[in-house]
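If you want the building blocks of each chain, they are given just below.
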Amino acid sequence: MAALRSETLSTFRGILREISKQYTRVNNNRVWHKTAVDAFRTGANSTGDAAERALADAKDVLTYMRSSRVHREMMEQYWPTKGLSQEELLRRTANTVGLSLPKTVEGGAGVEDLFRGSRGVGLSNGVQDVDIPPAMEEAFKIVAGAGEKDK
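Please read all numbers here as calculations on a predicted model, not as lab measurements. (Residues numbered from 1 in each chain as written. Predicted model: local features only at pLDDT ≥ 70, side-chain atom pairs only at ≥ 80, totals over all residues. Heavy atoms only, no water.)

**Q** Looking at this structure, I do not really get the overall build of the protein. What am I missing?
**A** Scanning the protein for helices and strands turns up six helices and zero strands. Order of helices (α) and strands (β) in the protein, N terminus to C terminus: α-α-α-α-α-α. Burial status across the protein gives 16% buried among its 151 residues. Summarising the internal contacts of the protein: among those between residues at least 6 apart in sequence, 47% fall at separations of at least 24. (Helix = DSSP H or I, 4+ residues; strand = E, 2+ residues; numbered from the N terminus. Buried < 20%, exposed > 50% of the residue type's maximum accessible area, 1.4 Å probe, protein only. Contact = heavy atoms within 4.5 Å.)

**Q** Would you explain helix 2 (residues 31-43) in this entry?
**A** In an α-helix, one turn spans 3.6 residues; hence positions three or four apart end up facing the same way. For helix 2, with 13 residues, the first-to-last C-alpha span of 18 Å sits near the 18 Å given by 1.5 Å per residue. Buried residues of helix 2: His33, Ala36 and Val37, and no others. All buried residues of helix 2 lie within an arc of 95° about the axis, which places them on one face of the element. Opposite the buried face of helix 2, by more than 90 degrees, sit the exposed residues Lys34 and Thr42. (Expected span 1.5 Å × (residues − 1). Arc of directions from axis to C-beta.)

**Q** So what exactly am I meant to see when it comes to the packing of aromatic side chains here?
**A** For any pair of aromatic rings, geometry is given as the distance between the ring centres together with the angle between the planes. The full count for this structure, using the stated rule, is two aromatic pairs. Ring geometry for Phe12 versus Phe40: centroids 4.1 Å apart, planes at 15°, classification stacked. Of this pair, Phe12 sits in helix 1 (residues 2-27) while Phe40 sits in helix 2; the two residues are 28 residues apart in sequence, bridging distant segments of the chain. Take Phe12: its relative accessible area is 16%, and that puts it in the buried class. Taking 5.2 Å as the distance between ring centres and 20° as the angle between the ring planes, the aromatic pair formed by Tyr23 and Trp32 counts as stacked. Geometry around Trp79 places Arg92 over its ring, the cationic atom sitting 5.0 Å from the centre. (Phe/Tyr/Trp six-rings, centres within 6.5 Å; stacked < 30°, edge-to-face > 60°. Lys NZ or Arg CZ within 6 Å of the ring centre and 35° of its normal.)

**Q** What is the right way to read the nonpolar core from this model?
**A** Within soluble globular proteins, side chains that are nonpolar generally end up buried alongside one another. Counting eight residues, the largest nonpolar core is built from Phe12, Ile15, Leu16, Ile19, Ala36, Val37, Leu62 and Met65. Those elements that place two or more of their residues in this core are helix 1, helix 2 and helix 3 (49-78). Examining the composition of this core, we find that four residues originate from one element, helix 1, more than from any other. (Core = buried A, V, L, I, M, F, W, Y, C linked by side-chain atoms within 4.5 Å.)

**Q** Even after reading the chapter, I still don't get a nonpolar patch on the surface, so can you show me in this structure?
**A** A cluster of nonpolar residues, Val70, Met74 and Tyr78, forms a patch on the protein surface that exposes about 310 Å² of accessible area. With respect to the element layout, Met74 can be found in helix 3. On the accessibility criterion, Met74 (45% relative accessible area) is partly exposed. (Patch = residues over 30% accessible without salt bridge, like charges linked within 9 Å, V, L, I, M, F, W, Y side chains within 5 Å. Areas by Shrake-Rupley, 256 points an atom, 1.4 Å probe, with all protein chains shown as cover. Salt bridge = Lys/Arg side-chain N within 4 Å of Asp/Glu carboxyl O.)

**Q** Looking at this structure, how should I read the pattern of salt bridges?
**A** When charged atoms on two side chains of opposite charge get close, those side chains can pair. This structure, assessed with the given rule, holds seven salt bridges. When the shortest N-O distance is used, the salt bridge between Glu18 and Arg69 registers 2.7 Å. With Glu18 in helix 1 and Arg69 in helix 3, this residue pair connects regions lying 51 residues apart in the sequence. On the accessibility criterion, Glu18 (2% relative accessible area) is buried.

**Q** Where do I start with the side chain of Thr11 in this structure?
**A** With respect to the secondary-structure elements, Thr11 resides in helix 1. Excluding residues that lie within four positions of it along the chain, Thr11 makes contacts with Leu55, Ala58, Lys59 and Leu62.

**Q** What's the story with the environment of Thr24 in this structure? I'm lost.
**A** With respect to the helices and strands, the residue Thr24 is situated in helix 1. Given a relative accessible area of 10%, Thr24 falls into the buried group. When near neighbours in sequence (up to four residues on either side) are disregarded, Thr24 contacts Ile19, Asn29, Arg30 and His33.

Structure below.
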């Protein structure tokens, strides 16, 4: 009986500590603390199986409270999202699973510029120093024509 009493008190003190860390210190509201104390006092007169079941439930509550607090602290420490732009948040999310975002093209480069890379040789300026298959040239013209229709 003494072991059950000390175990119950230990669990109760743990719950009160977690309530203090998560709720009372944050917003200076003691409602949760008072509710826990009232629930403990209500069940203090329980004996037998009811007391053991109440103790097991209280231990589960304590484990859940600790785990959720630790999880929240770890998320804040290792995955800070405050102050990040939407693009930065998206990039970090992709990196988490081993992916990277595609590079965006600035300055409105056309499809043929993307195809040729950084050399900047385009079909529209008449300069063509790379042999492009005729089917590919036709595809570039179709894509360029579609882009002009959108404008």
